[in-house]
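Summary of structural features
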Amino acid sequence: MAKFVLIGSGLAGGLLAAYLGRRGYEVDLYERRAEPREGNIVGGRSINLAISTRGIHALEQIDIADEALRHAIPMRGRMIHDRFGGLHFSPYDVDPKKCINSIGRAALNTTVIEAAQRYSNVHVHFNHKCTDVDIDPAVAHLETANGAVTATGDAVIGVDGAFSAVRKSMQNAIAEFQYDESYLPHGYKELTIPPGPDGSWRMEKNALHIWPRKSFMMIALPNPDGSFTCTLFWEFEGPRSFATTKTDGDVRRFFGEEFPDAVPLMPTLLDDFRNNPTGSLVTIRCEPWFYRDKVCLVGDAAHAVVPFYGQGMNAAFEDCVVLDECLEEFRENREHAFAEYFRRRKENADALADLAIGNFIEMRDKTASKTFRAKKKLDRALEAALPGIYLPLYTMVTFTHMPYAAAAKRARVQDSLVYATVFALAGISVGAILWFLCML
Ligand SMILES: Cc1cc2nc3c(=O)[nH]c(=O)nc-3n(C[C@H](O)[C@H](O)[C@H](O)COP(=O)(O)OP(=O)(O)OC[C@H]3O[C@@H](n4cnc5c(N)ncnc54)[C@H](O)[C@@H]3O)c2cc1C
């Protein structure tokens with residue numbers, strides 16, 4: 001059996017190790033951080049995430065979905081908070097059972113790593129930071145507290161996130177390697193709404209809360225302990241921005257003006273704002289994702305996307321399913337398996353990157369408008385009237401396994417048909433009114 005060296009035991013790394021372990025491969029998984037049970041897992045990333053159909057399907061394949069979702073909180077729709085404290089709820093789907101789930105990153109990471117460790121052929125090594133990879137032969141160089149070590153396998157898989165060291169090594173070694181990174185002018189900061197005195201949630205628990213404010217927004221996802229994790233997405237620079245908001249007074253004024261209903265629920269706002277890091281939001285596109293039968297990239301290492309569709313991890317988990325399928329289909333030819341995995345995933349990762357940026361504009365700006373709410377109602381009416389024929393884009397992305405590129409294409413076709421019909425009906429009505437007036 002082949003031996004895989006995996007770099008990075010984040011969400012996708014742990015899951016992929018479990019998939020490979022199940023197939024009987026030898027797996028050595030190296031992670032730069034300490035053991036997650038020692039509490040060193042989040043490190044500036046989001047504390048909770050939304051997991052939906054694609055991610056859950058990937059967990060189901062190795063029978064850990066129930067275990068992972070035990071403490072997840074279903075979110076059935078968006079709760080929009082306007083500037084005056086008004087609330088507007090918009091369900092995600094006509095079917096009230098279709099929901100996305102708020103899940104803790106650390107708990108999910110622990111679940112996938114433990115699933116991998118159940119296989120005796122999987123070995124996990126924490127506190128090992130990959131510095132670079134000799135892509136041919138597949139040798140990873142790692143730093144540890146006791147000095148440098150090397151890890152050799154039949155192939156190295158980079159599951160080491162958006163700033164992947166494995167991808168960097170491919171970039172240095174492969175002349176035709178293409179790489180593009182683009183940063184949004186917005187950063188993000190996590191803030192907290194603690195539980196109520198009796199441990200209860202101080203806002204609607206089964207919703208994803210959004211405070212859309214045109215060029216920026218805040219969102220909040222529920223946690224099992226009764227708290228909410230809020231994330232403010234805001235411009236780094238500009239007259240009102242992270243850069244110009246320096247004093248406690250600036251923070252108080254900004255939140256009082258923009259999120260007046262949230263402020264009384266955020267007793268630690270000033271400390272959180274001062275102490276929590278401001279993260280950046282990057283989209284990464286690169287190709288190829290593999291080198292011969294020696295190296296392959298999975299998850300954010302291959303395709304980091306901005307978080308506004310709640311799909312980065314879901315897509316990374318879907319990568320694991322597809323790579324596992326390809327390795328099984330082309331058991332005798334690993335290069336072919338890597339190439340087929342890349343072919344099946346690349347256009348979908350590109351489509352998701354575009355969808356995620358488009359959804360930022362929708363969430364921060366359009367969700368506040370009456371037109372948006374009317375379009376969502378029309379979507380739901382069409383979906384109910386034409387079941388299985390008309391599927392809103394959000395439904396296809398979040399609640400189906402349809403490839404992202406196919407979902408985006410189908411939504412464009414549906415939209416043109418709907419708009420053409422609306423215009424045609426409007427034209428017929430105007431024509432009928434004119435005819436009626438002429439007859440008078
Ligand atoms: C604010 C925010 C909110 C998000 N919300 C959602 C959401 O709601 N739903 C969703 O689906 N996705 C969401 N995402 C995206 C999601 O976090 C990522 O897509 C997902 O974490 C990708 O998993 P990964 O395993 O590829 O990378 P990561 O989770 O980043 O894991 C990479 C691992 O590699 C390790 N590593 C890195 N470099 C090295 C090295 N040199 N040597 C050894 N180990 C290394 C890291 O320590 C880490 O453990 C969000 C992202 C952000 C930033």
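Structural data are supplied above this passage.
Conventions we followed
Residues numbered from 1 in each chain as written. Predicted model: local features only at pLDDT ≥ 70, side-chain atom pairs only at ≥ 80, totals over all residues. Heavy atoms only, no water. 1 Å grid on protein atoms, 1.4 Å probe; cavity = no way out; pocket = protein on both sides within 12 Å on 5 of 7 lines; lining within 4 Å. Points joined across faces, edges and corners; volume = space filled by probe spheres on them. Helix = DSSP H or I, 4+ residues; strand = E, 2+ residues; numbered from the N terminus. Nonpolar A, V, L, I, M, F, W, Y, C, P; charged D, E, K, R; others polar. Pairing = 2+ DSSP bridges. Salt bridge = Lys/Arg side-chain N within 4 Å of Asp/Glu carboxyl O. Buried < 20%, exposed > 50% of the residue type's maximum accessible area, 1.4 Å probe, protein only. Polar contact = N/O pair within 3.5 Å; in protein donor to acceptor, adjacent residues only side chain to side chain. Contact = heavy atoms within 4.5 Å. Disulfide = S-S within 2.5 Å.

1. Considerations on the layout of surface pockets
Roughly 560 Å³ of internal volume is contained in the second largest pocket. Lining the second largest pocket are 24 residues, with Glu 362, Lys 375, Lys 376, Leu 393 and Asp 415 positioned closest to its centre. Of all the secondary structure elements, the ones that give two or more residues to the lining of the second largest pocket are α10 (334-364), α11 (370-385), α12 (393-399) and α13 (404-439). Among the elements that line the lining of the second largest pocket, the one with the most residues is α13, at six residues. Among the residues making up the lining of the second largest pocket, the classes are represented as 11 nonpolar, five polar and eight charged.

2. Details of the sheet that holds strand β2 (residues 26-30)
With respect to topology, six strands assemble into an open sheet ordered β8-β2-β1-β12-β19-β18, the strand pairing being mixed. Edge strands, defined here as strands with exactly one partner in the open sheet, are β8 (122-125) and β18 (290-291). Pairing analysis gives four bridges linking strand β1 (residues 3-7) to strand β12 (residues 155-158), with the strands arranged parallel. Bridge pairing in β12 places Phe 4 opposite Ala 155.

3. As for the pattern of salt bridges
Considering all chains together, one arrives at 31 salt bridges under this definition. Between Lys 3 and Asp 28 there is a salt bridge, with the nearest N and O atoms lying 3.2 Å from each other. Of this pair, Lys 3 sits in strand β1 while Asp 28 sits in strand β2, and the two are 25 residues apart along the sequence. Owing to a relative accessible area of 28%, Lys 3 belongs among the partly exposed residues under this scheme. For Asp 250, the salt bridge is made with Arg 253, and the minimal N-O distance between the two is 3.6 Å. Placement of both Asp 250 and Arg 253 in helix α6 (residues 248-258) is noted, with a separation of three residues, approximately one turn of the helix.

4. Looking at the side chain of Arg 345
With respect to the helices and strands, the residue Arg 345 is situated in helix α10. Look at Arg 345 and you get buried, because its relative accessible area is 6%. Separated by 3.0 Å, the side chains of Arg 345 and Glu 318 make a polar contact. Polar side-chain contacts of Arg 345 include one of 2.7 Å to the side chain of Asp 319. If sequence neighbours within four positions are ignored, Arg 345 has contacts with Trp 289, Ala 315, Glu 318, Asp 319, Val 322 and Tyr 404.

5. Description of the state of the cysteines
Applying the stated criterion to the full structure yields zero disulfides. Looking at Cys 130, it has no disulfide partner, and the nearest cysteine sulfur is the one in Cys 296, 15 Å off. Taking relative accessible area as the criterion, Cys 130 reaches 8% and is therefore assigned buried. In this model Cys 326 remains outside any disulfide bridge; the closest cysteine sulfur is found in Cys 296, 9.2 Å from its own.

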